Amino acid sequence: MVLMFLSIIATILILGAMIFVHELGHFAASKYFKIPVKEFAIGMGPKIKSFKRGETEYSLRAIPIGGFVDIEGIEVGSDSENGFNTKKPYQRFIVLVAGVFMNFIMAYVIAVSLFWINGENIPDERSIVGNVSEISHAYGVLKAGDIIVSVDGNPVSKWSEMVKQVGKHDVSKPVVLSVKRGEVIENKEILLTYNKESKKYIIGVIGKWNSVKYGFGGSLKRGGEAFIDMAFLVFKGFKMVATNEVSVREMKGPVGLVGIVMMFIKMGVAPLFYLAAILSVNVGIFNLLPFPGLDGGRIIFIIFEKLGIKVDKKREENMHKFGIIVLLGLMLLITMNDIWTIFN
């Protein structure tokens, strides 16, 4: 019960932080270009508390998921004084992309901080045993720290070489491993264990991992590499949905996300923050999709305008309204599926 409560709170905080920085990007860019902002809201639904400074009302709302920035004149066809639509195309483009930019910055800052504070564990390339599975035939025969120097008489020095040689072995017979333990080298005969997940026969060992620490400069570089990895992971996920490799039913909304957060809480604080970084990249890339109602959908029409392609404003407005309806419907469908999964 405590874990579930913590998972719900963590999910709300993660989603709240992602949405806050996203809307903060739109807000800051709007202010920079002197576009009036009517309201900056954290949460959705009825107002709990609010105050006004200048032309902007800052509010906290009852449902702690979501948020928005009400930018003056963003409605298609609006000609409000100094409103969004009166600004130059490049200024409107920056305002729209600023939210996504802030999501990317959030993810990058989290990644850099994790590498700077914790460093990371990287696999040792050498054929050194790190751990032995208790359900394998190797348990009790091999132990952590053993160095595998040959497989069936074939010399190996790297983990990848050892795996390759094991893959060539006749699974009906025990594999013969030459193992260096301390200063002594002994031959060990071990039957391979069938792994249902990989559908392969394996020894049942994992390699050694080494802890690496980074300075600030190294953390900046490693954080950038991690950010690119996250982006590729998100693009791969979108591709799998688009090509029907993953069903929409397998997608998770805020309710389903609680279960994922719970899993990462069990792993520790650092993995939970890394999950938050991946989700922030996900939100950023999703908002860049050229779909009506999203930031990317509005950006497309700005590009059309810059290229001299005329689009009927009323039609554009209807497309954005339709896009929002579709997105809300998809979110409702995903949420209902999450609830159905929980009760079943």
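Analysis parameters
Residues numbered from 1 in each chain as written. Predicted model: local features only at pLDDT ≥ 70, side-chain atom pairs only at ≥ 80, totals over all residues. Heavy atoms only, no water. Axes fitted to C-alpha atoms, helices over the stretch in contact; angles between N-to-C directions. Helix = DSSP H or I, 4+ residues; strand = E, 2+ residues; numbered from the N terminus. Parallel < 35°, antiparallel > 145°, perpendicular 65-115°, else oblique. Left-handed = near helix turned anticlockwise from the far one by under 90°. Contact = heavy atoms within 4.5 Å. pLDDT = per-residue confidence, 0-100. Buried < 20%, exposed > 50% of the residue type's maximum accessible area, 1.4 Å probe, protein only. Pairing = 2+ DSSP bridges. Core = buried A, V, L, I, M, F, W, Y, C linked by side-chain atoms within 4.5 Å. Expected span 1.5 Å × (residues − 1). Phe/Tyr/Trp six-rings, centres within 6.5 Å; stacked < 30°, edge-to-face > 60°. Salt bridge = Lys/Arg side-chain N within 4 Å of Asp/Glu carboxyl O.

**Q** Residues and numbers for the packing of helix H1 (residues 2–32) against helix H2 (residues 89–118), please.
**A** One way to put it is that H1 packs onto H2 with a least axis distance of 7 Å and a crossing angle of 140 degrees. On the basis of the axis angle, H1 is oblique to H2. Read as a crossing pair, H1 and H2 show a hand that is right-handed. On H2, the residues touching Ala17, Met18, Val21, His22, Leu24, Gly25, His26, Ala29 and Ser30 of H1 are Ile94, Val95, Leu96, Ala98, Gly99, Val100, Met102, Asn103 and Met106.

**Q** Requested: an account of the confidence of the model for the chain, with residues and values cited.
**A** With 97% of its residues at a pLDDT of 70 or more, the chain has an overall mean of 88. Here helix H8 (residues 313–343) is the element of the chain with the lowest mean pLDDT, 78, and H2 is the one with the highest, 95.

**Q** Please set out unusual backbone geometry residue by residue, giving values where relevant.
**A** Notably, Lys34 is not glycine yet its phi reads approximately 60 degrees, a positive angle. Tracing the sequence through the fold places Lys34 in the loop between H1 and strand E1 (37–53). Positive phi values are uncommon outside glycine, yet Asp152 reaches one of about 55 degrees. On the secondary structure map, Asp152 appears in the loop between strand E5 (147–151) and strand E6 (154–155). Assessed through its relative accessible area of 33%, Asp152 is described here as partly exposed.

**Q** Could you give me a rundown of the pairing of strand E7 (residues 175–181), with the residues and numbers involved?
**A** Of the strand pairs in this sheet, E5 and E7 are connected by four bridges, and their pairing is antiparallel. From the neighbouring strand, Ser150 faces E7, where its bridge partner is Ser178. Turn length for the E7-strand E8 (residues 184–190) hairpin, with the two strands adjacent in sequence and antiparallel, is two residues, and the turn residue Gly182 shows positive phi of about 70 degrees.

**Q** Just give me the short version of the nonpolar core, but keep the residues and values in it.
**A** Judged by nonpolar contacts, the single largest core of 27 residues is most densely connected at Ile14, Met230, Val261, Leu272 and Val281. At the level of elements, H1, H2, helix H4 (216–242), helix H5 (254–267) and helix H6 (269–288) are the ones that each hand at least two residues to this core. Looking at this core element by element, the count peaks at eight residues for H6. Setting aside residues no more than four positions away along its own chain, Met230 makes contact with Ala111, Tyr274, Ala277, Ile278 and Val281.

**Q** Got a sec to walk through H6? Specific residues and values, please.
**A** Between its first and last C-alpha, H6 extends 29 Å over 20 residues, near the 28 Å set by a 1.5 Å rise per residue. Listing the buried residues of H6 in full gives Leu272, Leu275, Ala276, Ala277, Ile278, Leu279, Ser280, Val281, Gly284, Ile285 and Asn287.

**Q** An account of the packing of aromatic side chains is requested, with residue identities and associated values reported.
**A** Overall, the coordinates contain 13 aromatic pairs when judged by the stated rule. An angle of 35 degrees between the planes, with centres 5.0 Å apart, marks the rings of Phe27 and Phe40 as tilted. Remark: Phe40 occurs in strand E1 and Phe27 occurs in helix H1; sequence separation between them is 13 residues. Phe27 gets classed as buried once you look at its relative accessible area, which sits at 11%. Classification of Phe40 by relative accessible area gives buried; the value is 8%. Connected via pairs of aromatic rings, a cluster forms that spans Phe20, Phe27, Phe40, Phe51 and Tyr58.

**Q** So what's going on with the pattern of salt bridges? Which residues, and what values?
**A** Under the counting rule described, the total for this entry stands at eleven salt bridges. Across the pair Lys31 and Glu55 runs a salt bridge, and its minimum N-O distance is 2.8 Å. Placement of Lys31 in helix H1 and of Glu55 in the loop between E1 and strand E2 (56–71) is noted, with a sequence separation of 24 residues between them. Lys188 serves as the salt-bridge partner of Glu186, at 2.9 Å between the closest nitrogen and oxygen. Take Lys188: its relative accessible area is 15%, and that puts it in the buried class. Bridged by salt links that share partners, the residues Glu120, Arg222 and Glu225 form one connected network.

**Q** Tell me about the sheet that holds E7, and name the residues and values.
**A** Spatially, the four strands line up as an open sheet ordered E6-E5-E7-E8, and their pairing is antiparallel. At either end of the open sheet lies a strand with only one pairing partner, and these are E6 and E8. In this sheet, E8 lies alongside E7 in antiparallel orientation, the contact comprising seven bridges. When the bridges of E8 are listed, Ser178 appears paired with Asn187.

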